[in-house]
Amino acid sequence: MGYYDSDHNSESRSRQKGNRGGMFLAGLLGVVLGAILVIVAIPQLTNFDILPYSIQPDEDLKETDEAYHNGATQNVSVDVTTDVTKAVEKAGDSVVGITNIQSQSFWGQGEGQTQDQQAGTGSGVIYKKEGNKVYIVTNNHVVEGADQLEVTLADGTKVPAQMRGADIWTDLAVIEMDGSKIKKDDIAEFGNSDKLKAGEPVIAIGNPLGLQFSGSVTQGVVSGVERTIPVDINQDGMEDWNAEVLQTDAAINPGNSGGALINISGQLIGINSMKIAQSAVEGIGLAIPINYAQPIIEDLEQYGEVKRPAMGVTLEDVNKISAYHQQETLKLPKEINYGVMIRQTVPNSPAAQAGLQELDVITELDGEKIENVIELRKHLYNKKDVNDQMKVTLYRNGEKKEVTMKLTDESRL
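Owing to the predicted nature of the structure, the values given are computational and were not obtained by experimental measurement.

**Focus on the confidence of the model for the protein**
So, step 1. When pLDDT is averaged along the protein, the result is 84, and 78% of the positions lie at 70 or above.
So, step 2. The weakest mean pLDDT in the protein belongs to helix α2 (residues 59-69) at 47; the strongest belongs to strand β16 (residues 361-365) at 98.
So, step 3. Here residues 1-18 is a poorly scored stretch, pLDDT under 50, and it has 1 contact once near neighbours within four places are set aside; other chains count.
So, step 4. Contacts of residues 42-65 to residues separated by more than four positions or lying in other chains number 3 contacts, the stretch itself having pLDDT below 50.

**Examining the sheet that holds strand β7 (residues 201-206)**
So, step 1. Pairing in this closed barrel of 6 strands is antiparallel, and the strands run β7-β8-β9-β12-β11-β10 around the ring. Sheet twist, expressed as the average angle between the axes of neighbouring strands with direction ignored, equals 50°.
So, step 2. Strand direction decides the pairing type here: strand β8 (residues 216-231) and strand β9 (residues 241-248), joined by 7 bridges, are antiparallel. Paired with V222 across the bridge in β9 is T248.
So, step 3. Sheet strands touched by helix α5 (residues 290-303): β9, β11 (268-275) and β12 (285-289). Its angle to β12, the strand with the most contacts, is close to 55°.

**So, a negative patch on the surface**
So, step 1. Taken together, E89, D93, D155 and D185 make up a surface patch of like negative charges.
So, step 2. Take E89: it is sitting in helix α3 (residues 83-91).
So, step 3. Overall, E89 belongs to the exposed group, its relative accessible area being 66%.

**Section: the packing of aromatic side chains**
So, step 1. Counting across every chain of the model gives 5 aromatic pairs.
So, step 2. Each ring, one from Y127 and one from F190, has its centre 6.2 Å from the other, and the planes form 25°; the classification is stacked. One end of the pair, Y127, is in strand β2 (residues 114-130); the other, F190, is in the loop between β6 (172-178) and β7, and 63 residues separate them in sequence.
So, step 3. Given a relative accessible area of 10%, Y127 falls into the buried group.
So, step 4. What makes F190 partly exposed here is its relative accessible area of 26%.
So, step 5. Between W169 and W241, the ring centres sit 5.8 Å apart and the planes meet at 70°, which makes this aromatic pair edge-to-face. Placement of the pair is W169 in the loop between β5 (158-167) and β6 and W241 in strand β9, with a sequence separation of 72 residues. The same class applies to W169 and to W241, which are both buried.

**Observations regarding the pattern of salt bridges**
So, step 1. Counted under the stated rule, the structure contains 16 salt bridges.
So, step 2. The salt bridge partner of E244 is K378, with a shortest N-O separation of 3.6 Å. Residue E244 is located in strand β9, and its partner K378 is located in helix α8 (residues 373-383); the two are separated by 134 residues in the primary sequence.
So, step 3. Residue classification places E244 among the partly exposed positions, given a relative accessible area of 25%.

**Quick word on the nonpolar core**
So, step 1. Counting 46 residues, the largest nonpolar core has M311 and M405 as the members making the most contacts within it.
So, step 2. Considering each element in turn, this core owes the most residues, 6 residues, to α5.
So, step 3. Discounting residues that sit within four places of it in the chain, M405 has contacts with M311, P350, A351, A354, L356, D388, Q389, M390 and V392.
So, step 4. V96, I98, V143 and I175 belong to the second-largest nonpolar core, a separate cluster that totals 16 residues.

Calculation criteria
Residues numbered from 1 in each chain as written. Predicted model: local features only at pLDDT ≥ 70, side-chain atom pairs only at ≥ 80, totals over all residues. Heavy atoms only, no water. pLDDT = per-residue confidence, 0-100. Helix = DSSP H or I, 4+ residues; strand = E, 2+ residues; numbered from the N terminus. Contact = heavy atoms within 4.5 Å. Pairing = 2+ DSSP bridges. Axes fitted to C-alpha atoms, helices over the stretch in contact; angles between N-to-C directions. Patch = residues over 30% accessible without salt bridge, like charges linked within 9 Å, V, L, I, M, F, W, Y side chains within 5 Å. Areas by Shrake-Rupley, 256 points an atom, 1.4 Å probe, with all protein chains shown as cover. Salt bridge = Lys/Arg side-chain N within 4 Å of Asp/Glu carboxyl O. Lys, Arg positive; Asp, Glu negative; His and termini not counted. Charge placed at Lys NZ, Arg CZ, Asp CG, Glu CD. Buried < 20%, exposed > 50% of the residue type's maximum accessible area, 1.4 Å probe, protein only. Phe/Tyr/Trp six-rings, centres within 6.5 Å; stacked < 30°, edge-to-face > 60°. Core = buried A, V, L, I, M, F, W, Y, C linked by side-chain atoms within 4.5 Å.

Here you go:
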């Protein structure tokens, strides 16, 4: 329970009444003084001198403001010309669309009436004009199986084209078409892919996802040079070749195949070929270096095929043969667990004429160690020409031998 003094409470109420009267008078006085200050200050508020400093408008802004109020307008232009736009302007018209048209039965199978259907689209690069013909480089997989080819130029004009030649090993192809409408500026200028450095800016131009996105431009850098990517040529699940490519993070999508990879000077330094497409992978596009492609392109243009040297043998990797047969059948020394075994020789081929036999194991070519079939092919295709002499080191029944053969054109076998 609470206790309180009644007299003390009475005195408190008297003091509260007195305080309320004082507060009322003080508030009334404040209102009066505030009104007087407002009356005095209003004339001064129209004068900016009350500011501690005066703000002078920028003369350029003032002129613009006056022009606006006088009804005049002024165009503002922004110069967006850069090294990238210059490079694209230089090379853009050399990149074309390629449509692969294949004939199919009207009912989808069997013989009878046929109809032409678009099997796919890709890109290509105009690299040469000779007379009234122009030549276009693209990927083999873009034109493979085509019954007809159609080229779509940068301005949308469609021109029929013919196959000149294709090479499955490098995934390159050359097609030709009428060039009467092609100007000098529409032809790509080759650069030097051997001079490229990691981090150097590059630009990809092509037709991703089809002709509706024709002439698309993506920018990136050289992510790596001299990359080797295993390729299964015959789709048997085994590697047949190592493609030599440039790596870039410039976006490359389906339809970009065969298009141009250019440097900042607008020079063609690669033919876009593929990308690593996995859910966990981003920004790994691959292009065939132009220095590597040039001799292939020249052969395709001139002969319709690549003139490659050949030995005339069928081969198998030693490392795919069991250790038992390496020792008991091939009779290889224990330290020799590499090389390629000859399964068969073609009659009258360079290998047959040099005396190579079934079950011989090749371990060196021209003194260079050969680990497997891919390395043997690379030595032949990259370092030798038709009619060259080549020294072969091999093991036969455990005995080391050396023979020399004269290589021939593989098309003659």
